[in-house]
Amino acid sequence: MSYLAKNYNRKKIAFKYGKGSFLFSTDGKKYLDFVQGIAVNSLGHAHPKLVKTIRNQSKKLWHVSNAFQIPEGEKLAKKLCQKTFADYVMFQNSGAEATEASIKVARRYFYSIGKPKKNRILCVRNSFHGRTLAAIFASGSKKMTEGFGPKVPGFDHFDFGNHKSLKKKITKNTAAIMVEPIMGEGGIRVIPDFCLRELRKLCNKKKILLILDEVQCGISRSGDFFAFEKSKIFADIVPIAKGLAGGFPIGAVLMNKKVAAGMTPGTHGSTFGGNPLACSVANTVMDIVSSKKFLNNVKKSSKYFFSKLKKLKEKYPSTIKEIRGRGLLIGIQLHTDQTKFIKKLMDNKLLTIRAAENVVRILPPLNVKIKEIDLALKIIDKVCSEIK
Ligand SMILES: *Cc1c(COP(=O)(O)O)cnc(C)c1O
């Protein structure tokens, strides 16, 4: 009997410990973990530098209130701003908090310049921005919002890739467009660079803000620090979370000077957000994953993985429909439901996770080794050959 609520459909497996790309189950089996807590453990399990950081910081200071200065947070915010478009950072604890706070920043900006009616957020239908009340209604997904009414107002939706419907949905009350540069839960759908550039132009023309949700695709997961960087545009507001502290809960909103001006003292807060323990771990992660050398290595692993997966697609065209994604945010889209496929991968000791549109999502640690990718490929090949 489990006393945990039944809001998850959990696999019947538990783990005793992890090391790098591998997890060791309580029943003594070794699994190649290409879920990594859903793109959270950027450096795999029990990375020595992260273990050292958390051990040292835990002896000094875990938590103080945001009523005081927090040097670890100052340091992390500086790193994030120096690496990116951002001028200011506001720390949270999770992705949903970061996306909601981003919406607050956008609305507050227009309020502060005397346009309080400009408060609607335009999102992709069936996107994913987290599970809080506002975030589920931002997603425009029937499945996620069912039974959780009344509807949180203030969100409009357009269909992914439908530029006409996007333009039509912008009204004088639109404050911002919020999209994921690479949709994670939504099936590893990549917004092409030229679309991101058009999106930026459109926001400039309409004088509205661009919020790019990099909670999943950010922090070097795409092979660039941010997935939108490749398109050479700037965002106004960017929520981040998952990979930032390699497994320790943290979230953040990155923003430019213009919009940050609305966030005056008392407008937003968080008890835990940006505490010394979380920030010190994130500082160590940042030092590792944001270097050019590290990013080049992510690109190299990605290129290798994609080229081999594309060969598997050619070998099994009736099973694999498409290979999607960028960096180490990878989707194998199948022709049919992926449940059985994922189960078979797991029986063969490879852990993956589903995404929308029959996609098997593959999220190795960013420091994955080529021989671990080879092992995964061997298992995927085997399962393809058995399933067809
Ligand atoms: C996971 C995710 C969120 C929500 O993050 P939580 O930490 O689960 O609240 C928001 N946006 C995107 C794009 C995500 O992938």
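Model, not experiment: these values are computed from the prediction. Counting from 1, residues in each chain are numbered in the order their sequence is written. Under the rules for a predicted model, residues below a pLDDT of 70 receive no local features and side-chain atom pairs below 80 are neither given nor counted, while totals for whole chains, interfaces and linings still include all residues. Neither water nor hydrogens contribute to the side-chain values; these are computed over all heavy atoms in the structure.

S.K.: I'd like a description of helix α10 (residues 276–289), backed by residues and values.
M.R.: Turn by turn, an α-helix covers 3.6 residues, leaving residues three or four places apart pointing in a common direction. Working definition: helices are DSSP H or I runs of at least four residues, strands are E runs of at least two. Numbering for both runs from the N terminus. A helix's residues, less one, multiplied by 1.5 Å, set its expected span. In this model α10 runs 20 Å from its N-terminal to its C-terminal C-alpha over 14 residues, within 8% of the 20 Å that 1.5 Å per residue would give. Most of α10 is tucked away: 13 of the 14 residues are buried. Throughout this description, a polar contact denotes any pair of N or O atoms lying within 3.5 Å of each other; where both atoms belong to protein, one of them has to be capable of donating a hydrogen while the other can accept it, and for residues adjacent in sequence the pair is counted only when both atoms sit in side chains. Its side-chain oxygen placed 3.1 Å from the backbone nitrogen of Leu-277, Asn-275 serves as the N-cap of α10. Accessibility here uses a 1.4 Å probe with only protein chains present; expressed as a share of the type maximum, an area under 20% marks a residue as buried, one over 50% as exposed, and anything in between as partly exposed.

S.K.: Which residues make up the domain arrangement of the chain, and what values go with them?
M.R.: Domain delimitation follows an automatic or database domain assignment. Under the domain assignment used here, the chain contains domain 1 (15–39 + 292–386) and domain 2 (50–289). Taken over C-alpha atoms, the centre of domain 1 sits 27 Å from the centre of domain 2. Contacts are residue-level and defined by heavy atoms, with any inter-residue pair within 4.5 Å sufficient. Between domain 1 and domain 2, the residue contacts involve 23 residues of the former and 25 residues of the latter. Summed over both partners, the interface of domain 1 with domain 2 comes to about 2000 Å²; 58% of that surface belongs to carbon and sulfur atoms. The largest per-residue losses of area from domain 1 upon contact with domain 2 belong to Ala-39, Arg-326 and Leu-329, which jointly make up 36% of the total buried on that side. Salt bridge, as applied in this entry: a Lys or Arg side-chain nitrogen positioned within 4 Å of an Asp or Glu carboxyl oxygen. For the pair domain 1 and domain 2, the number of links is four salt bridges. The partner of Lys-299 in a salt bridge is Asp-224, and the shortest N-O contact between them spans 3.3 Å. Buried area: the accessible area, evaluated with a 1.4 Å probe, that two parts lose upon being put together, summed over both parts.

S.K.: I'd like to hear about the packing of aromatic side chains, residue by residue, with values.
M.R.: In this description, an aromatic ring pair is defined by two values, namely the gap between the centres and the angle between the planes. By convention, a stacked pair of Phe, Tyr or Trp rings (six-membered ring in the case of Trp) has centres within 6.5 Å and planes under 30 degrees apart, an edge-to-face pair has planes over 60 apart, and any other such pair is tilted. Scanning the entire structure with this criterion turns up seven aromatic pairs. When the ring of Phe-15 is compared with that of Tyr-31, the centres are 6.0 Å apart and the planes differ by 85°; the resulting orientation is edge-to-face. With Phe-15 in strand β1 (residues 15–19) and Tyr-31 in strand β3 (residues 30–33), this residue pair connects regions lying 16 residues apart in the sequence. Given a relative accessible area of 7%, Tyr-31 falls into the buried group. Site record: aromatic cluster; members linked through ring pairs are Phe-85, Phe-225, Phe-226 and Phe-228. For the cation-ring pair, Lys-30 lies above Phe-22, with the distance from its terminal atom to the ring centre recorded as 4.4 Å. When the NZ atom of lysine or the CZ atom of arginine is within 6 Å of a ring's centre and also within 35 degrees of its normal, the charge is said to sit over that ring. Over the ring of Phe-110 we find Lys-118; its NZ or CZ atom is 5.6 Å from the centre of that ring.

S.K.: Describe the packing of helix α3 (residues 71–83) against α10, and please don't skip the residues or the numbers.
M.R.: Each axis is a line fitted through C-alpha atoms, taken for helices only over the stretch in contact, and angles between the N-to-C directions span 0 to 180 degrees. One can describe the packing of α3 onto α10 by two numbers: an axis separation of 8 Å at closest approach and a directional angle of 35°. In this structure, α3 crosses over α10, and the sense of that crossing is left-handed. Here Glu-72, Gly-73, Lys-75, Leu-76, Lys-79, Leu-80 and Lys-83 of α3 lie close against α10, whose contacting residues are Pro-276, Cys-279, Ser-280, Ala-282, Asn-283, Met-286 and Asp-287. Residues are grouped as follows: nonpolar covers Ala, Val, Leu, Ile, Met, Phe, Trp, Tyr, Cys and Pro; charged covers Asp, Glu, Lys and Arg; every other residue, Gly included, is treated as polar. Class assignment of the residues belonging to the contact of α3 with α10 gives a composition of six nonpolar, three polar and five charged. In this scheme the crossing of two helices becomes right-handed for a clockwise turn of the near helix relative to the far one and left-handed for an anticlockwise turn of less than a right angle.

S.K.: Now, about unusual backbone geometry: what can you tell me, with residues and values included?
M.R.: Along the chain, Gly-149 connects to Pro-150 via a cis peptide bond; the corresponding omega equals 5°. Here Pro-150 shows up in the loop between α6 (142–145) and β6 (155–158). Positive phi values are uncommon outside glycine, yet Gln-36 reaches one of about 50°. With respect to the secondary-structure elements, Gln-36 resides in helix α1 (residues 36–39). Residue class for Gln-36 comes out buried when judged on its relative accessible area of 0%.

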